[in-house]
Amino acid sequence: MTEDVNPKAIMDFLKPKLGARLRTWIDICTHCGMCADTCHFYLASGKDPKMIPSYKVRFLRDLIKRKGRADKELLQEIYKSIYYECNMCKRCTLYCPFGIDIGFLISTLRGLLTSLGIAPEGLKKAVENYKLTGNQMAVSKEDWVETILWCEEEAAAEVVGVKIPIDKKGAKIMYTVNAREPKFYPQDIMEVAKIFTVAGEDWTVPSEKGWDDTNLAMFISDASTARMIVENTFKRAEELEVKQVAVTE
Amino acid sequence: MDLSSFAEGPLLWIAFLVFIIGTLIRMAQFLFVAKTKDRPFYNYFSLKYILATLARWLLPLNVDVKKNPVFIICVYLFHICLIVVPIWLSGHVSMWEESRFGWSWSSLPDKWADWMTLLLLAIAVYFILRRALSPDLRIITTFADYLLIVVTVLPFLTGYCLTHGTLDSIKFLGDNMRLLHVLSAELMLILIPLTRLSHSVLFFFSRAATGVEFGRRGYSI
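### What about the overall build of chain B?
Thought 1: Scanning chain B for helices and strands turns up twelve helices and zero strands.
Thought 2: Listing the helices and strands of chain B from first to last along the sequence gives α-α-α-α-α-α-α-α-α-α-α-α.
Thought 3: Overall, chain B is about 60 × 40 × 35 Å in size when its C-alpha atoms are taken along their principal axes.

Now the structure itself:
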């Protein structure tokens, strides 16, 4: 095996994560196979044994056993398995007699690869965007506010009296969107504005970071960015003193 | 001291101590490590969810019974025999009575113990065949999985042969069956805290952790 991956980097990531649950779950799986036909990847692949949830998490046990020794090929194999053979739905856990949270184990592996710089390119870019601009599409504050004003104008042409209140302090609801909406689907924002207006709701949208309610950092288990994204939204909600935060469909 | 009296003397003590202290350490480890690394377990600790999930999975009230009834019923029977026979076997109870502890409790009719042992052995054969024949299980099965089934049933196999003289026609086995029985039981006891046989205690913690996590989110536990 060519050792072109630093085992220390792998263990430095895994060691602090090896909590009581993770350790226990790696240790006690008795390979009973009850999880096999609970997995939609298994069923959809014509019952390919390689899709058995218990099999997919073997990497974690192996990496720990081998003290982090791995090569690029193994990392690629792990990458393919944990991104394209599992979407962490946790259905297997509902059928595991021990309640082993395989989704959590897969998520740990995703975090490990992310820490080594391996993740789907699209997600990596999106996470960079969150860090820089607070939203996944890198929409600037000016563009966002301008889009809202324009949406308000367009919607008002169809429904009388449509207003999209920006940064209205003390509103009941703070509305947040998917950053793809201002970028590609502004009509969604208009429709929502019409509904809120007709329903007579007291609502607002924030102009600052926190208006994007998607959290793609979660999918690559980048915990600190995922946390930052949620905190942005909470910060805005507190500043605007709203009672509820609504998220887009 | 010959091997026989060593196996029934100091080694028995060692085996029991490794088993008891080892499992206690595994349990304590879980609780202490969880304190720093699995905060949600304590933050959302809920006895309600834990008892609910344990009841559901200790009794045949769970989804797996419906999904795979034959296998799961075998699993339940296997574990019942595994726990009941060694504890309530009359031969074992009388040894506790004669021991320095002088403990005594009621025992199982020997006929029952015999049948339960045979049932356990038959189920173990089914487990092994199931592993060997199913392509699904073959891919996830490791050598240790087979080995641990063997380690688990050996004390029962030797115990049955010992009480019935089944293999006494083979001189070596006939002479040493008691020793083999004691050694195999000690091996199993020692391996419980050290291998995935530790699921005997960690089952409760694993289920509890997932019960708390899934319960608070309103998932099925």
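### Focus on the overall build of chain A
Thought 1: A count of helical and extended segments in chain A gives 13 helices and three strands.
Thought 2: Projected onto its principal axes, the C-alpha positions of chain A cover 65 × 35 × 30 Å.
Thought 3: Counting the 249 residues in chain A, one finds 41% classified as buried.
Thought 4: Excluding contacts between residues fewer than 6 apart, the proportion of contacts in chain A whose partners are at least 24 apart in sequence is 75%.

### Section: the confidence of the model for chain B
Thought 1: A residue-level look at chain B finds 100% of positions with pLDDT of 70 or above and a mean pLDDT of 94.
Thought 2: The ipTM value of the predicted complex is 0.90, and its pTM value is 0.88.

### With respect to the domain arrangement of chain A
Residue and element names in this part refer to chain A.
Thought 1: When its domains are assigned, chain A resolves into domain 1 (7-118) and domain 2 (123-247).
Thought 2: Here the C-alpha centre of domain 2 lies 35 Å away from the C-alpha centre of domain 1.
Thought 3: Contacts between the two partners involve four residues from domain 1, matched on the other side by four residues from domain 2.
Thought 4: For the side of domain 1 that touches domain 2, the residue count by class is no nonpolar, three polar and one charged.

### Examining the interface of chain B and chain A
Thought 1: Across the contact, 30 residues belong to chain B and 27 residues belong to chain A.
Thought 2: Looking at the side of chain B that touches chain A, the elements that each hand over two or more residues are helix H2 (10-37), helix H4 (47-58), helix H5 (63-67), helix H9 (135-140) and helix H12 (199-217) of chain B.
Thought 3: Here the side of chain B that touches chain A takes nine residues from H12 of chain B, the largest share from any one element.
Thought 4: A class-by-class count of the residues in the side of chain B that touches chain A yields 13 nonpolar, nine polar and eight charged.

### Points about the nonpolar core
All names here are of chain A.
Thought 1: Core analysis: the biggest nonpolar cluster contains 57 residues, and Cys35, Ile52 and Leu109 have the highest contact counts within it.
Thought 2: Each of domain 1 (7-118) and domain 2 (123-247) contributes no fewer than three residues to this core.
Thought 3: Setting aside residues no more than four positions away along its own chain, Cys35 makes contact with Ile52, Pro53, Ser54, Cys92, Tyr95, Cys96 and Ile102.
Thought 4: Counting 21 residues, the second-largest nonpolar core is a separate cluster that includes Val139, Tyr175, Ile189 and Met190.

### Structural notes on the environment of Val84 of chain B
Thought 1: Among the structural elements, Val84 of chain B can be located in helix H6 (residues 69-88).
Thought 2: For the pair Val84 of chain B and Met116 of chain B, spaced 32 residues apart in sequence, the C-alpha to C-alpha distance is 8.8 Å.

### Topic: the pairing of strand E1 (residues 173-176) of chain A
All names here are of chain A.
Thought 1: By the bridge criterion, two bridges tie E1 to strand E2 (residues 203-204) in an arrangement that is parallel. The residue bridging Ile173 from the neighbouring strand is Trp203, located in E2.
Thought 2: Relative to strand E3 (residues 244-247), E1 runs parallel, the two being bridged by four bridges. The residue bridging Thr176 from the neighbouring strand is Val247, located in E3.

### What to know about the packing of helix H2 (residues 20-28) of chain A against H2 of chain B
Thought 1: Following both chains from N to C, one finds H2 of chain A and H2 of chain B inclined at 135 degrees, their axes separated by 8 Å at the closest point. On the basis of their axis angle, the class for H2 of chain A and H2 of chain B is oblique. Residue-level contacts link Ala20, Arg23 and Thr24 of chain A of H2 of chain A to Phe30, Val33, Ala34 and Lys37 of chain B of H2 of chain B.
Thought 2: Across the contact of H2 of chain A with H2 of chain B, the residue classes tally to four nonpolar, one polar and two charged.

### A word on helix H10 (residues 141-156) of chain A
Residue and element names in this part refer to chain A.
Thought 1: With 16 residues, H10 should reach 22 Å at 1.5 Å per residue; the first-to-last C-alpha distance of 23 Å fits that figure.
Thought 2: If you check which residues of H10 are buried, you get Trp144, Ile148, Cys151 and Ala155. Buried positions in H10, seen along its axis, are confined to an arc of 65 degrees and lie on one side of it. Opposite the buried face of H10, by more than 90 degrees, sit the exposed residues Glu142, Leu149 and Glu153.
Thought 3: Those residues of H10 hidden inside the fold are in contact with helix H11 (180-183) and helix H12 (186-199).

### What about the sheet that holds E1 of chain A?
Two pairing modes exist for strands in a sheet, parallel and antiparallel, and in both the strands are linked by backbone hydrogen bonds.
Thought 1: Here three strands make up an open sheet; going across it, the order is E2-E1-E3 (chain A) and the pairing parallel. Each edge of the open sheet carries a strand with a single partner, namely E2 and E3 of chain A.

What counts, and where the lines are drawn
Residues numbered from 1 in each chain as written. Chains lettered and ligands numbered in written order. Predicted model: local features only at pLDDT ≥ 70, side-chain atom pairs only at ≥ 80, totals over all residues. Helix = DSSP H or I, 4+ residues; strand = E, 2+ residues; numbered from the N terminus. Buried ≥ 20, exposed ≤ 12 C-beta atoms within 10 Å, placed from the backbone. Contact = placed C-beta atoms within 7 Å. pLDDT = per-residue confidence, 0-100. Domains from an automatic or database assignment. Nonpolar A, V, L, I, M, F, W, Y, C, P; charged D, E, K, R; others polar. Core = buried A, V, L, I, M, F, W, Y, C linked by C-beta atoms within 7 Å. Pairing = 2+ DSSP bridges. Axes fitted to C-alpha atoms, helices over the stretch in contact; angles between N-to-C directions. Parallel < 35°, antiparallel > 145°, perpendicular 65-115°, else oblique. Expected span 1.5 Å × (residues − 1). Arc of directions from axis to C-beta.

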